[in-house]
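Residue strings, one per chain:
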Amino acid sequence: MESLNCEDLGTRAVNQRLRALPDGGHARLLQPRGRHNLAVGLSSRISIDIEGNAGYFLGGLGGNRDGTGPDIVVNGFVGWAVGENLMGGSVRVRGSASQSAGSSARGGTIVIEGDASLRAGISLKGATLAIGGNAGAMSGFMAQSGVILIGGNAGHGLGDSLYEARIYVAGSIDSLGSDAVITEMSDEDLLTVKELVSDAGFDHIDPTRVTKVTSARQLYHFSTHNHGAY
Amino acid sequence: MCGVIGLLIRDRALEPQLGSMLVTMIEALDERGPDSSGIAVYADHWSGDIPDAPRVKVSLGSDEPVDWGRLAASLENRFGETIRPHPFGAGLVVEVPPGGEHGLNAVIAEGWSNVRVLATGLNLRVLKDTGRPSETCARFGVAGWEGYLGVAHTRMATESAVTVLHSHPFVPTKDLCVVHNGSFSNYATVRRFLMAAGVQFDSDNDSEVAARYLARRLQQGDDLEEAIRWVMKEMDGFFTLVISTANELSVVRDAFACKPAVVAETDGYIAVASEYRALAELPGIAAATVFEPRPEEVYTWSR
């Protein structure tokens with residue numbers, strides 16, 4: 001196992017050392033101190049523990065089209081856009097995440113054990129985003145595909161201009177965004193949530209009591225009838 | 001971008017470290033605002049002060065080279081030695097009895113038309129300069145400053161020139177500082193309204209408009225939170241604003257929380273910054289309560 005001190009090495013050298021690890025490799029990142037762009041753009045099947053709080057874009061651009069990639073655990077909180085444009089692998093944040101968690105992520109799994117701030121899962125494109133706590137306002141904005149699970153409460157404007165992503169909320173919803181609707185849970189949904197809850201280790205969520213939010217599909221094509229909804 | 005910083009000391013034992021704490025925060029936000037910077041420091045004790053007759057500190061600066069020594073001598077000549085001119089950062093600070101700043105302004109306007117008042121305050125001194133903020137800190141020994149409250153800004157200019165006078169913080173009235181990360185879209189309209197009401201501006205910076213609007217609301221009798229709510233109501237745009245008075249520190253973000261902000265609260269201090277990086281080196285940060293201010297919520301801490 002490799003221990004990399006971010007303070008001593010700097011961000012670029014840390015990422016180069018991570019990139020050099022073969023499949024099955026393991027690394028610990030020490031003293032991240034809110035540093036941005038750690039563990040980005042990695043494709044190998046390695047595991048990385050980050051011992052402290054990380055900054056923006058943690059684990060972004062990682063993984064492969066087949067869904068494989070690094071497994072990253074942050075023992076702390078993270079800044080904006082954790083797992084941005086993730087393709088595969090996983091990112092688990094033991095603390096909370098700032099804004100735009102999982103933005104534009106195409107594959108892989110992002111688990112936030114604490115709360116996620118505003119615009120979690122914005123423009124999600126196929127990845128799975130599981131949040132143990134609350135999600136801030138405008139979460140799921142324009143999410144195109146993939147799944148968002150919110151273990152706590154959702155803020156205002158949930159799922160605004162949603163496409164085909166599905167959102168499951170265990171707690172309350174302050175308000176839905178334009179073109180987002182609450183739809184009935186199917187057996188398939190229940191199975192999906194059960195798996196998500198089990199994989200994320202979110203024992204506090206009862207899969208039979210979540211609310212499903214999807215797109216009403218009224219805003220896909222511009223129609224003068226829907227003018228007021230834009 | 002731009003970086004905003006506020007640091008309110010609660011544990012008086014930390015007051016000698018105010019400057020060094022500010023410098024770690026500024027250095028971390030150097031790349032958010034490499035053009036220019038400004039640092040405001042509030043301190044209780046001034047060697048020249050008579051305790052029951054505190055003097056108004058006037059921080060002077062300019063966009064052009066100024067012979068500060070000659071200005072200091074000229075002011076001393078006119079007002080006497082009690083004005084205690086001393087170099088501060090790239091400019092000069094002088095001290096006048098309360099109300100004396102008007103006479104001072106007249107003298108400066110007569111013979112030193114390129115000199116501007118950056119700040120006035122009983123407890124406040126302000127340094128502004130162009131160039132890398134971390135280098136400015138090193139050049140002027142900011143780490144050695146003592147005080148109970150500091151506000152700083154690292155600027156990446158987007159809407160007006162990079163000069164000393166365009167730098168934050170803006171100090172529109174005694175002991176009130178405003179630093180801003182973001183952009184206001186209707187500032188020209190608000191500016192015209194304020195100018196029609198007789199408010200004078202030192203720059204064409206959008207943030208200065210918010211600062212002067214805030215000062216006007218305070219002068220009309222609002223408390224700090226009310227005045228900040230008026231800024232949110234009347235000014236359209238993106239902002240994280242860090243605002244200070246002689247005994248309060250506030251932070252507020254726009255409705256969409258477009259610009260970042262993080263707060264660390266400990267028994268010893270309240271620290272506000274654009275990013276957590278700026279808090280990571282502060283003493284006792286591991287035990288701090290760290291959170292992000294919610295959009296449109298006004299957070300205010302008092303001494």
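Rules used throughout
- All residue numbers refer to positions counted from 1 along the written sequence of the respective chain.
- Here the convention is simple: chains get letters from A, ligands get numbers from 1, in the order in which they are written.
- Only residues with pLDDT of at least 70 get local features here, since the model is predicted, and only at 80 or more are side-chain atom pairs given and counted; chain-wide, interface and lining totals rely on the full set of residues.
- The helix and strand labels rest on DSSP assignments: H or I over at least four residues marks a helix, E over at least two residues marks a strand, and numbering proceeds from the N terminus.
- Restricting the calculation to C-alpha atoms gives the radius of gyration, and the globule rule supplies 2.2 Å times the number of residues raised to the power 0.38.
- Burial is judged by counting other C-beta atoms within 10 Å of a residue's own C-beta: 20 or more means buried, 12 or fewer means exposed, and anything between counts as partly exposed, with every C-beta placed from the backbone.
- Placing a C-beta atom from the backbone of each residue, one calls two residues in contact when those atoms lie within 7 Å.
- Here the term charged refers only to Asp, Glu, Lys and Arg, the term nonpolar to Ala, Val, Leu, Ile, Met, Phe, Trp, Tyr, Cys and Pro, and the term polar to all other amino acids, Gly among them.
- By this rule, a helix spans an expected 1.5 Å times one less than how many residues it contains.
- Here, the arc refers to the directions that run from the helix axis to the C-beta atoms.
- Any two strands are treated as partners once DSSP identifies two or more bridges connecting them.
- Simply put, an axis is a line fit to the C-alpha atoms, just over the touching stretch for a helix, and the angle between two N-to-C directions goes from 0 to 180 degrees.
- Between 65 and 115 degrees an angle is taken as roughly perpendicular, under 35 as roughly parallel, over 145 as roughly antiparallel, and anywhere else as oblique.
- Working rule for handedness: look at the near helix, and if it is turned counterclockwise from the far one by less than a right angle, call the crossing left-handed; if clockwise, right-handed.
- The split of the chain into domains comes from an automatic or database domain assignment.

**Details of the overall build of chain B**
Point 1. Secondary structure summary: chain B contains seven helices and 15 strands in total.
Point 2. In terms of overall size, chain B behaves like a compact globule, its C-alpha atoms giving a radius of gyration of 18 Å where 303 residues would be expected to give roughly 19 Å.
Point 3. Taking the principal axes of the C-alpha coordinates as reference, chain B spans close to 50 × 45 × 35 Å.
Point 4. Each of the 303 residues in chain B was classed as buried or not, and the buried ones make up 49%.
Point 5. Within chain B, contacts between residues at least 6 apart in sequence are counted, and of these 73% link residues at least 24 apart.

**Quick notes on the overall build of chain A**
Point 1. A tally of regular secondary structure across chain A gives three helices and 11 strands.
Point 2. Start at the N end of chain A and walk to the C end: the helices and strands fall as β-α-α-β-β-β-β-β-β-β-β-β-α-β.
Point 3. Taking 17 Å as the expected radius of gyration for a compact globule of 230 residues, we find that chain A reaches 18 Å, a close match to that expectation.
Point 4. Counting only C-alpha atoms, chain A reaches 60 × 35 × 30 Å along its principal axes.
Point 5. Within chain A, buried positions represent 54% of all 230 residues.
Point 6. Counting only contacts in chain A whose residues sit at least 6 apart along the sequence, the fraction spanning at least 24 positions is 31%.

**What to know about the interface of chain B and chain A**
Point 1. In this assembly, seven residues from chain B lie in contact with 11 residues from chain A.
Point 2. Residue composition of the side of chain B that touches chain A, grouped by class: four nonpolar, no polar and three charged.

**A look at helix α3 (residues 187-200) of chain A**
Along an α-helix, residues three or four positions apart point the same way, because every turn accommodates 3.6 residues.
All names here are of chain A.
Point 1. Taking 1.5 Å as the rise per residue, α3 with 14 residues should run 20 Å; its terminal C-alpha atoms sit 20 Å apart, in good agreement.
Point 2. Looking only at α3, the buried set comprises Val193, Leu196, Val197 and Ala200. An end-on view of α3 places all buried positions within 95 degrees of arc, on one side of the element. More than 90 degrees from the buried face of α3, the exposed residues found are Asp187, Glu188, Leu191 and Ser198.
Point 3. Buried residues along α3 sit in contact with β6 (109-112), β7 (125-131), β8 (145-150) and β9 (166-169).
Point 4. Backbone geometry just after α3 places Gly201 at a positive phi near 75 degrees.

**Quick notes on the sheet that holds strand β10 (residues 237-244) of chain B**
All names here are of chain B.
Point 1. An order of β9-β10-β11-β15 is seen for the four strands of this open sheet, with the pairing classed as antiparallel. The open sheet has two edge strands, β9 (177-184) and β15 (299-302), and neither has a second partner. Pairwise comparison of adjacent strand axes, ignoring direction, gives a mean angle of 10 degrees for this sheet.
Point 2. With four bridges joining them, strand β11 (residues 248-253) and β15 adopt antiparallel strand pairing. When the sheet's bridge partners are listed, Leu249 is paired in β15 with Trp301.
Point 3. Each of β9 and β10 touches helix α6 (residues 206-219); the most contacted strand, β9, lies at about 130 degrees to it.
Point 4. The strands touched by helix α7 (residues 224-234) are β10, β11 and β15; relative to β11, the strand with the most contacts, the crossing angle is about 25 degrees.

**Some words on the sheet that holds strand β7 (residues 124-130) of chain B**
All names here are of chain B.
Point 1. With antiparallel pairing, seven strands are arranged side by side in an open sheet as β7-β2-β8-β1-β13-β12-β14. The open sheet has two free edges, formed respectively by β7 and β14 (289-291), since each of these has just one partner strand. Each strand axis lies, on average, 10 degrees off the axis of its neighbour in the sheet, ignoring direction.

**Comments concerning the packing of α6(B) against α7(B)**
Residue and element names in this part refer to chain B.
Point 1. Here α6 crosses α7 at 135 degrees, and the two axes come no closer than 9 Å. Our classification of the angle between α6 and α7 gives oblique. At the point where α6 passes α7, the crossing takes the right-handed sense. Packed against α6, whose contacting residues are Ala210, Tyr213, Leu214, Arg217 and Leu218, the element α7 presents Glu226, Ala227, Ile228, Trp230, Val231 and Glu234 at the interface.

**Re the packing of helix α5 (residues 187-196) of chain B against α6(B)**
Residue and element names in this part refer to chain B.
Point 1. Relative to each other, α5 and α6 sit at 45 degrees, their axes nearing to 9 Å. Between α5 and α6, the interaxial angle falls into the category oblique. In the packing of α5 onto α6, the handedness of the crossing is left-handed. Counted together, Tyr187, Val190, Arg191 and Leu194 of α5 and Asp206, Val209, Arg212, Tyr213 and Arg216 of α6 form the full contact between these two elements.
Point 2. Its residues placed into classes, the contact of α5 with α6 shows five nonpolar, no polar and four charged.

**Comments concerning unusual backbone geometry**
Point 1. With an omega of 0 degrees, the peptide bond between B:His168 and B:Pro169 qualifies as cis.
Point 2. Relative to the helices and strands, B:Pro169 is located in the loop between β8 (149-155) and β9.
Point 3. Its identity as a non-glycine residue notwithstanding, A:Gln31 has a phi of 50 degrees, on the positive side.
Point 4. Classification of A:Gln31 as partly exposed rests on a count of 14 C-beta atoms within 10 Å.
Point 5. Not every positive phi belongs to a glycine, and B:Ala257 is a case in point at roughly 50 degrees.
Point 6. If you trace the backbone, B:Ala257 turns up in the loop between β11 and β12 (262-265).
Point 7. Look at B:Ala257 and you get buried, because 23 C-beta atoms sit within 10 Å.

**Points about the domain arrangement of chain B**
Accessible area lost upon the coming together of the parts is a frequently used measure of interface size.
Residues and elements named next belong to chain B.
Point 1. Splitting chain B by domain gives domain 1 (3-44 + 131-302) and domain 2 (48-122).
Point 2. Measuring from the centre of the C-alpha atoms in domain 1 to the corresponding centre in domain 2 gives 24 Å.
Point 3. With 10 residues of domain 1 at the interface, the matching set in domain 2 holds 11 residues.
Point 4. In the side of domain 1 that touches domain 2, the residues fall into six nonpolar, one polar and three charged.

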